[in-house]
Amino acid sequence: MGNVKLHFEPITHHLSLITQRKLAMMFTCTPACNDPAHRHHPSLLLRTGSIKTVVKPKAKPAAASAKVVRDRKGRSLRIDLHCHYLNPAISAKVGHLNASQFEPSGVFANALTKEVNVKQMKDRGPKLSTIEVRLKDMDRMGIDIQAVCPAPNQCIYWSEPGFGRELARMANERLAEIAATWSERFVAMGTVPLQNADMAVAELEYCVNKLGMRGVEILPNVNGKELTDPSLGLEKFFAKAQELDIVIFMHPLGYTQGERLMDHYFNNVIGNPLETTVATSHLIFDGVMDRNPKLKIVLPHSGGYLAHYWARMDHAHRARPDCRVVIKKAPSSYLKKFYFDTITFDTQMLAHLIAKYGPEHVVLGTDYPFDMGEDNPVKLIESVPRLSRADKDKIMGGNAARLLKIKR
């Protein structure tokens, strides 16, 4: 996998390096590292405290194409559109604030779940934060490229907006640095401070126009408010995302009203798909997808429950006037505009997802490196019966390459 040669669209105008703090159980080099053993690209480390690259004039968004991107040996590329990176510097910066008190995944968890989660972070810390470990895992899993985005708990909306913008900038510059240093293996997906719509739009423009990012990750709610809540004013964010033609990856962090989901890790097992289902339903019924028909939103965990039980909302739309307040077309007609990852853990479920929404709307995902992820995504896709080689190639990488504008 390591010898894949690709051409990516130009990235970065200027990246300010972030001083990394070492955490006890996270082992990663600092952005200013010049150790030759780490194989950082020499053109990036021009001087301490900055990275400088060349940016070309912004091109118009490429038209959708069914062409599959291939490596030099002719094999279609395998691109993971659901994977996470934990930034140790951000963890250190917010450590004294007890961030878990603001996160549904931490609030609605019993003692055993919290204990298991602590052990997971200890065991998987190097995978989350050390690129060399990650690359070995990618090779083992058969992944050529990761569209790497923040760990969901580092999409920070609970803070004061200015501090949230600072933390988002730290996350984005480190992710862009990773994509620049290992440009054949990574593209970057950033984060924006959705607690302030104007700051979110400004950071989105910075991510795309300055850092060359291919999209952003967002949470399905902002401190318990729906993304469509008028008080948030996020219509301008969705409009800007459509204008910039980037991917929005909407990832949950547990269900916000998880009092009944405390045991058995239910706030992840049930809560994450439920959170995606509720947020996606609001994007549909509140008209965001109608007003922004070219939005490219990727839903994790195979689209939550909604992707597999869509007919009920269509029935409600036909049967009840209170379900037709905003949208006039069937809700499922908007659901078909979304994209879904392959994390189903079951061949038949994946086959159903592909049959319903088409192979062009399904993308490979792993949720790397968490324990609820799919460790063998290639095998899962290959196991789908009666799926053509061309469609398998689209799902394994062709669709992601189109969405993320990855070219040979």
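For the structure, see preceding data.
This write-up is about the structure you can find in this document. (Residues numbered from 1 in each chain as written. Predicted model: local features only at pLDDT ≥ 70, side-chain atom pairs only at ≥ 80, totals over all residues. Heavy atoms only, no water.)

Before going further, it helps to examine the nonpolar core. Across soluble globular proteins, you tend to see nonpolar side chains buried next to one another. If you look at the biggest cluster of nonpolar residues, it comprises 73 residues, and the most contacted ones within it are Leu194, Ile218, Phe237 and Phe238. Sorting elements by how many residues they give to this core places helix H6 (residues 197-210) first, with seven residues. If near-sequence neighbours (up to four positions away) are discounted, Phe238 is found in contact with Ile218, Leu227, Ile248, Leu283, Val288, Asn292 and Leu295. Grouped together as the second largest cluster of nonpolar side chains are 18 residues, Leu81, Val187, Tyr339 and Ile406 included. (Core = buried A, V, L, I, M, F, W, Y, C linked by side-chain atoms within 4.5 Å. Buried < 20%, exposed > 50% of the residue type's maximum accessible area, 1.4 Å probe, protein only. Helix = DSSP H or I, 4+ residues; strand = E, 2+ residues; numbered from the N terminus. Contact = heavy atoms within 4.5 Å.)

Below, the discussion takes up the pattern of salt bridges. Per the counting criterion, the structure on display carries 20 salt bridges. When the shortest N-O distance is used, the salt bridge between Asp391 and Lys394 registers 3.6 Å. Here the residue Asp391 and the residue Lys394 both occupy positions in helix H15 (residues 389-404), the gap between them amounting to three residues, near one helical turn. Like Asp391, the residue Lys394 is buried in the burial classification. Among the ionic contacts, a cluster of salt bridges with common partners joins Lys127, Asp137, Arg140 and Asp375. (Salt bridge = Lys/Arg side-chain N within 4 Å of Asp/Glu carboxyl O.)

So, on to helix H4 (residues 131-141). Within H4 the residues assigned to the buried category are Ile131, Arg134, Leu135, Asp137, Met138 and Met141. An end-on view of H4 places all buried positions within 165 degrees of arc, on one side of the element. Elements that come into contact with the buried residues of H4 comprise strand S4 (79-85), helix H3 (111-129), strand S5 (145-150), helix H5 (161-181), strand S6 (186-191) and helix H14 (377-382). Just beyond H4, the residue with positive phi is Gly142, at close to 80 degrees. (Arc of directions from axis to C-beta.)

Any functional reading would require information beyond the geometric quantities listed.
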